[in-house]
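# Remarks on the overall topology
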Amino acid sequence: MAALVNNAGAASMNALLLTPGETAERLMRVNYLGTFHCLQAVGKVMVRQRAGRIISISSVVGQMGNAGQVNYAASKAGIIGFTKSLARELGSRNVRANVVVPGSPLSSPSSPAGAGAAATGFVSGGGAAGSVVESGVVPKSGTFALTASPLPAAAAVVGAGMA
């Protein structure tokens, strides 16, 4: 197993006081626990082989919050903290874990960046603390995280903000 890209995502737009408990539980099961179970299974294999790359996809909402998305924000913030801690836990075994935080759309589908382009940040926790090593559209940041060598063990994130 060379790499895992975690991209679980369920969302719900509703004020916290109007959100049924079942909805909140479903978001945590899909977004957070889905990531947890994948990372736990794949992490064991990568530790045994002493190599691997893990990329988790979060959301700028997990950093900034957004009205009507309290539960979604909490689940995606959990992915950020989870991945940063995992990077420190598995880094000494040559397993790299990083998180990509897509932001708001940069352009229309007809722009040169193409459909679905999203502002992203990818910050390395190694080397110069907090130095940006890549930004661009989600696929570009994800590809960088998979192919950069050596990729620092610890990871931090930065989002581009929301409109």
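Overview of the structure.

### Side note on the pairing of strand β1 (residues 3–6)
Across a regular strand the side chains alternate sides, sitting on one face of the sheet and then on the other. In β1, alternate side chains face the same way, and those of Leu4 and Asn6 are buried while those of Ala3 and Val5 on the opposite face are not. Of the strand pairs in this sheet, β1 and strand β2 (residues 52–57) are connected by 4 bridges, and their pairing is parallel. Its bridge partner being in β2, valine 5 is matched across the sheet by isoleucine 55. In this view, the connection linking β1 to its parallel neighbour β2 by way of helix α1 (residues 21–49) has right-handed handedness.

### Remarks on the pairing of β2
When you tally the buried positions in β2, you get 6 out of 6 residues, the bulk of the element. Of the two faces of β2, both are covered, the one formed by Gly52, Ile54 and Ser56 as well as the one formed by Arg53, Ile55 and Ile57.

### Brief notes about α1
Taking 1.5 Å as the rise per residue, α1 with 29 residues should run 42 Å; its terminal C-alpha atoms sit 41 Å apart, in good agreement. The largest bend in α1 is about 35 degrees, located at leucine 33. Every buried residue of α1 is accounted for by Thr23, Ala24, Leu27, Asn31, Thr35, Leu39, Val42, Gly43 and Met46. Phi turns positive one or two residues past the end of α1, at arginine 50, with a value near 55 degrees.

### Let's talk about the packing of aromatic side chains
Taken as a whole and assessed by the stated rule, the structure comprises 2 aromatic pairs. Look at tyrosine 32 and phenylalanine 82: their rings are 5.7 Å apart centre to centre, the planes differ by 80 degrees, and that puts the pair in the edge-to-face class. In this pair, tyrosine 32 sits in helix α1 while phenylalanine 82 sits in helix α3 (residues 70–90), placing the two residues 50 residues apart along the sequence. The class of tyrosine 32 is partly exposed, set by a relative accessible area of 25%.

### Things to note about the side chain of arginine 96
Looking at where arginine 96 falls in the secondary structure, it is placed in strand β3 (residues 95–105). In terms of polar contacts, arginine 96 uses its side chain to reach the backbone carbonyl oxygen of glycine 91, at 2.9 Å. Side chain to side chain, arginine 96 and asparagine 94 meet in a polar contact 3.3 Å long.

Procedures and definitions
- Residues numbered from 1 in each chain as written.
- Predicted model: local features only at pLDDT ≥ 70, side-chain atom pairs only at ≥ 80, totals over all residues.
- Heavy atoms only, no water.
- Buried < 20%, exposed > 50% of the residue type's maximum accessible area, 1.4 Å probe, protein only.
- Helix = DSSP H or I, 4+ residues; strand = E, 2+ residues; numbered from the N terminus.
- Pairing = 2+ DSSP bridges.
- Right-handed = clockwise from strand over helix to strand, strands pointing away.
- Expected span 1.5 Å × (residues − 1).
- Bend = angle between axes of the 7 residues up to and from the residue.
- Phe/Tyr/Trp six-rings, centres within 6.5 Å; stacked < 30°, edge-to-face > 60°.
- Polar contact = N/O pair within 3.5 Å; in protein donor to acceptor, adjacent residues only side chain to side chain.

Spatial relationships are all this shows, so hold off on functional conclusions.
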